[in-house]
Amino acid sequence: MSPSLNRRTLLLHAGGAAAVLLSVQPAARAAAPKLEESDPMAVGLGYREDTHKVDDKKFPKHAEAQTCASCQLFQGGPKDAAGPCSLFAGKQVAGGGWCSAWTKKAG
Ligand code: SF4
């Protein structure tokens with residue numbers, strides 16, 4: 001086998017491996033577990049899956065219109081039921097959820 005053929009074979013294999021990795025990535029992202037309210041960091045930030053269940057006495061700055069979907073840190077779409085949050089890496093937060101780190105989405 002010539003050196004150029006070896007290099008071509010290597011590039012073909014590398015391209016195939018990259019295609020497999022790219023096709024697996026969306027499925028792995030979709031499989032991220034939801035953030036549980038009992039998660040220690042979630043408890044610390046007062047996270048609730050339903051913004052209507054937030055204790056307003058404990059969090060007086062909370063307003064029912066504030067949801068994860070309208071938060072700057074939410075990485076899902078505005079109508080997604082759940083999506084990633086940059087505070088809770090590797091977890092999905094509820095689109096209708098809330099925590100005390102809520103920050104109004106810009107724009
Ligand atoms: Fe939801 Fe924003 Fe708190 Fe993340 S930081 S859990 S998106 S309110």
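Note: the structure precedes this text.
Residues numbered from 1 in each chain as written. Predicted model: local features only at pLDDT ≥ 70, side-chain atom pairs only at ≥ 80, totals over all residues. Heavy atoms only, no water.

Let's talk about the side chain of glutamine 66
Part 1: In this fold, glutamine 66 is placed in the loop between helix 2 (40–44) and strand 1 (82–85).
Part 2: Ignoring anything within four residues of it in the chain, the contact list for glutamine 66 reads Thr51, Lys61, Gly97, Trp98 and Trp102. (Helix = DSSP H or I, 4+ residues; strand = E, 2+ residues; numbered from the N terminus. Contact = heavy atoms within 4.5 Å.)

Things to note about the site of the ligand
Part 1: Contacts to the ligand come from Tyr47, Cys68, Cys71, Leu73, Phe74, Cys85, Leu87, Phe88, Cys99 and Trp102.
Part 2: When grouped by side-chain class, the residues that make up the shell around the ligand number 10 nonpolar, no polar and no charged. (Near = heavy atom within 4 Å. Nonpolar A, V, L, I, M, F, W, Y, C, P; charged D, E, K, R; others polar.)

Considering the packing of aromatic side chains
Part 1: The tally for this structure, following the rule as stated, stands at two aromatic pairs.
Part 2: Taking 6.2 Å as the distance between ring centres and 50° as the angle between the ring planes, the aromatic pair formed by tyrosine 47 and phenylalanine 88 counts as tilted. Here phenylalanine 88 lies in strand 2 (residues 88–94) and tyrosine 47 lies in the loop between helix 2 and strand 1, a separation of 41 residues in the sequence.
Part 3: Exposure remark for tyrosine 47: the relative accessible area of 3% places this residue in the buried category.
Part 4: Summarising the aromatic geometry, the rings of phenylalanine 59 and tryptophan 98 are spaced 5.4 Å apart at their centres and angled 65° between planes, so their arrangement reads as edge-to-face. With a gap of 39 residues between them, phenylalanine 59 in the loop between helix 2 and strand 1 and tryptophan 98 in the segment after strand 2 connect regions that are remote in the sequence. (Phe/Tyr/Trp six-rings, centres within 6.5 Å; stacked < 30°, edge-to-face > 60°. Buried < 20%, exposed > 50% of the residue type's maximum accessible area, 1.4 Å probe, protein only.)

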